[in-house]
Amino acid sequence: MSNKQFDYLNQLEYESIHIIRETAGQFERPALLFSGGKDSIVLVNLALKAFRPGKLPFPLVHIDTGHNFSEAIVYRDELAKRIDETLIVRYVEDTMKRKKIAEPKGKNASRNALQTFTLLETIEEFEFDACIGGARRDEEKARAKERIFSIRDEFGQWNPKLQRPELWDVYNGRISKGENVRVFPISNWTELDVWNYIKRENILLPSIYFSHTRKCILREGKQLMAVSDFIEPYEGDVLLEKNVRFRTVGDMTCTAPVESAATNIDEIILDIKQAKISERGATRIDDRISETGMEDRKKGGYF
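Residues numbered from 1 in each chain as written. Predicted model: local features only at pLDDT ≥ 70, side-chain atom pairs only at ≥ 80, totals over all residues. Heavy atoms only, no water.

Chemist: Help me out: how do you make sense of the packing of aromatic side chains in this one?
Modeler: Aromatic rings in a pair are described by how distant their centres are and how their planes are angled relative to each other. Overall, the coordinates contain eight aromatic pairs when judged by the stated rule. A centroid spacing of 6.4 Å and a plane angle of 80 degrees characterise the contact between Trp195 and Phe210, whose relative ring orientation is edge-to-face. Note that Trp195 is positioned in helix H7 (residues 191-201) and Phe210 in the loop between H7 and strand S7 (212-219), a separation of 15 residues in sequence. Residue classification places Trp195 among the buried residues on the basis of a relative accessible area of 0%. Judged by its relative accessible area of 19%, Phe210 falls in the buried class. The structure contains a cluster of three or more aromatic residues connected by ring pairs, namely Phe27, Phe149 and Tyr171. (Phe/Tyr/Trp six-rings, centres within 6.5 Å; stacked < 30°, edge-to-face > 60°. Helix = DSSP H or I, 4+ residues; strand = E, 2+ residues; numbered from the N terminus. Buried < 20%, exposed > 50% of the residue type's maximum accessible area, 1.4 Å probe, protein only.)

Chemist: When you look at the sheet that holds strand S10 (residues 258-259) in this model, what are you seeing that I'm missing?
Modeler: The strands making up a sheet associate through hydrogen bonds between their backbones, and the pairing can be parallel or antiparallel. Judged by pairing direction, the sheet is antiparallel, and its four strands sit side by side in the order S8-S7-S9-S10 without closing on themselves. Both edges of this open sheet fall to strand S8 (223-226) and S10, since each of them pairs with a single strand only. Relative to S10, strand S9 (residues 238-245) runs antiparallel, the two sharing two bridges. By the bridge assignment, Val244 is partnered in S10 with Glu259. (Pairing = 2+ DSSP bridges.)

Chemist: Looking at this model, I keep getting lost on the pattern of salt bridges. Mind explaining?
Modeler: Pairing between side chains of opposite charge can happen when their charged atoms approach one another. Within the structure shown, the criterion is met by 26 salt bridges. Salt-bridge contacts for Glu125 lead to Arg90; the nearest nitrogen and oxygen are separated by 2.9 Å. Of this pair, Glu125 sits in helix H5 (residues 115-126) while Arg90 sits in strand S3 (residues 87-91), and the two are 35 residues apart along the sequence. The exposure class of Arg90 is partly exposed, given its relative accessible area of 27%. The partner of Arg111 in a salt bridge is Glu103, and the shortest N-O contact between them spans 2.9 Å. Bridged by salt links that share partners, the residues Glu13, Lys49, Arg200 and Glu201 form one connected network. (Salt bridge = Lys/Arg side-chain N within 4 Å of Asp/Glu carboxyl O.)

Right, here's the structure in full:
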């Protein structure tokens, strides 16, 4: 790693730690959203740097669809135990039962969007006034619009036209009763920055991020999906085995693998440098529902 790249990663790290500390200082009941995915793992690493040797001033929170990759769930539980921090898990399935929400049906059906209901319930249950998340501006155009301190109204909704200026690293966390803030400390990072930082910090990751052989469905001749109990094969789907890895890890029903032989971080970094499609563009089916799929979900309270 060059000195120039090392300095750049230091700048990103310092900015993110500053944001995390500002969140802890400005809010009474913050939480860190943690799924066992690489971006939230980096967030936990940054939070530990910000507050160790003390305890984190917020719990880790996961909104579990029940359709997550087992590798990520095992990692989530092991990490929380290893660092001896509080992990709160709330389940989308419980919300569906309480609110009598029907299970989504049909091709590419997913519970992913239903996380919004469970997140808003969890915010109300614990009276969280800030939720720290691992979203980055390079992931998707709606996320590129969002501020680092992103205000949500009393209904959990986001208005992209009503955002506060953020000048000179000054973040305004003043909110009215019932409002809350989504905080994105790695908003200015790119996918490549995340992987270079993981390499530098020697951060362990779930095995799912590295190339492995997996049974897949080839849908409509172009879209790979991992075989699971939650994806129903349709006419025309082709079952096959591929060497794949995952660039992002979310709900199994809407997270696609990419073909890859990359078994270590250096090879993954080379993969990313050669990629012609963005991380979510290549792997997240739910973002393709419409041109404004992500923005519509965020307006309704999504992460």
